[in-house]
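Residue strings, one per chain:
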Amino acid sequence: MENMVNIYLYGKQYSVPANLTIMGAMEYAGYTLVRGCGCRNGFCGACATIYRIKGDRELKVCLACQTKVENDMYIATLPFFPLVKQVYDLNKIKPTEAVMMQLYPEIYACIGCNSCTKACTQGLNVMQYIAYAQRGEFEKCAEESFDCVMCGVCSSRCPAGISHPQVALLARRLNGKYLAPECGHLEDRVKEIKDGTFDELLESLMQKPISEMKELYNNREFEK
């Protein structure tokens, strides 16, 4: 076969097609993936992976479903990166700077090394959203961290032991519950759903063949 590269999975060498992702290469090599895989499109954050290239001492991180193999790539995956996940009742906490001090005080030990940002698989400015969280600017933290997929790679490189994804999740929850403008249109639609307004329509849609449903979806009317 042409365009093959040599990779090392957990120390064992394999020859795989050069156009495969790390995840695809693992399956090509015979691994059955039951953990550390999910959406396969970079949205679930389940396939966080560590690798380095032979001759390069730098340890790199990525999502296995998004990253193509390279020749002499040494690869290791973990089922998850451990994060500190505090338990709280969103109805009993308030969007004040004190809530971060109470639940995630380690964010104030940030040394500004920016390793989290460099490691982020989504290219987010992680150190910046942690700075927003430190100042209690939860709207800005929520916006900056919106595309986080909770893979935990940022936290794996943090010398201060910050659980960046959980801090960001708390900020987004606080923002959604207390700070973001209310949406009357959304509330009305939720009420209509609960009242059964769309039950008949949904039932009829469920009886249609997939091809017709796709056609209806592609030609749907967009609300203004």
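Considerations on the overall build of the protein chain
So, step 1. Helix and strand counts for the protein chain stand at ten helices and five strands.
So, step 2. A globule of 224 residues ought to have a C-alpha radius of gyration of about 17 Å, yet the protein chain, at 22 Å, is considerably larger.
So, step 3. Oriented by its inertia axes, the alpha-carbon framework of the protein chain measures out at about 60 × 55 × 30 Å.
So, step 4. When contacts within the protein chain are restricted to residue pairs at least 6 apart in sequence, long-range pairs at least 24 apart make up 58% of them.
So, step 5. Accessible area of the protein chain: about 14,200 Å², with a carbon and sulfur share of 52%.

With respect to the side chain of T49
So, step 1. Looking at the element boundaries, T49 is found in strand β3 (residues 48–53).
So, step 2. Within polar-contact distance, the side chain of T49 engages the backbone oxygen of C47 at 2.9 Å.
So, step 3. When sequence neighbours within four positions are dropped, the list of residues in contact with T49 reads I22, K60, V61, C62, A64, I75, A76 and T77.

Observations regarding the domain arrangement of the protein chain
So, step 1. Each assigned domain of the protein chain is listed here: domain 1 (4–77), domain 2 (97–179) and domain 3 (188–218).
So, step 2. Taken over C-alpha atoms, the centre of domain 2 sits 38 Å from the centre of domain 3.

Describing the pairing of β3
Successive side chains on a regular strand alternate, one facing one side of the sheet and the next facing the other.
So, step 1. Two elements, β3 and strand β4 (residues 60–63), share four bridges in a ladder whose sense is antiparallel. Residue I50 lies in a different strand from β4, and its bridge partner there is V61.
So, step 2. The turn joining β3 and β4, which pair antiparallel and follow one another in sequence, is formed by six residues; a positive phi near 90° is taken by G55.
So, step 3. Where β3 meets strand β5 (residues 73–77), five bridges bridge the pair, whose relative direction is antiparallel. Directly across from R52, in β5, lies its bridge partner Y74.

Examining the packing of aromatic side chains
So, step 1. Following the criterion strictly, the structure yields three aromatic pairs and no others.
So, step 2. Note on Y8 and Y74: the rings are 4.2 Å apart at their centroids and 5° apart in plane angle, and the pair reads as stacked. Placement of Y8 in strand β1 (residues 4–9) and of Y74 in strand β5 is noted, with a sequence separation of 66 residues between them.
So, step 3. A relative accessible area of 13% places Y8 in the buried class.

Here's the deal with the sheet that holds strand β2 (residues 12–17)
So, step 1. Pairing within the open sheet is mixed, and its five strands lie in the order β2-β1-β5-β3-β4. Two strands lie at the open edges of the sheet, namely β2 and β4, each paired on one side alone. On average, adjacent strands in this sheet sit at an angle of 35° to one another, irrespective of strand direction.
So, step 2. As judged from the three bridges shared by β1 and β5, these two strands associate in the parallel manner. Looking at β5, one finds that I7 is bridged to M73.

Things to note about the side chain of N175
So, step 1. The residue N175 is located in helix α7 (residues 164–179) in this model.
So, step 2. Beyond its immediate chain neighbours, meaning those up to four positions away, N175 contacts F138, E139, A142 and A180.

Parameters at a glance
- Residues numbered from 1 in each chain as written.
- Predicted model: local features only at pLDDT ≥ 70, side-chain atom pairs only at ≥ 80, totals over all residues.
- Heavy atoms only, no water.
- Helix = DSSP H or I, 4+ residues; strand = E, 2+ residues; numbered from the N terminus.
- Rg over C-alpha atoms; globule rule 2.2 N^0.38 Å.
- Contact = heavy atoms within 4.5 Å.
- Areas by Shrake-Rupley, 256 points an atom, 1.4 Å probe, with all protein chains shown as cover.
- Polar contact = N/O pair within 3.5 Å; in protein donor to acceptor, adjacent residues only side chain to side chain.
- Domains from an automatic or database assignment.
- Pairing = 2+ DSSP bridges.
- Phe/Tyr/Trp six-rings, centres within 6.5 Å; stacked < 30°, edge-to-face > 60°.
- Buried < 20%, exposed > 50% of the residue type's maximum accessible area, 1.4 Å probe, protein only.
- Axes fitted to C-alpha atoms, helices over the stretch in contact; angles between N-to-C directions.

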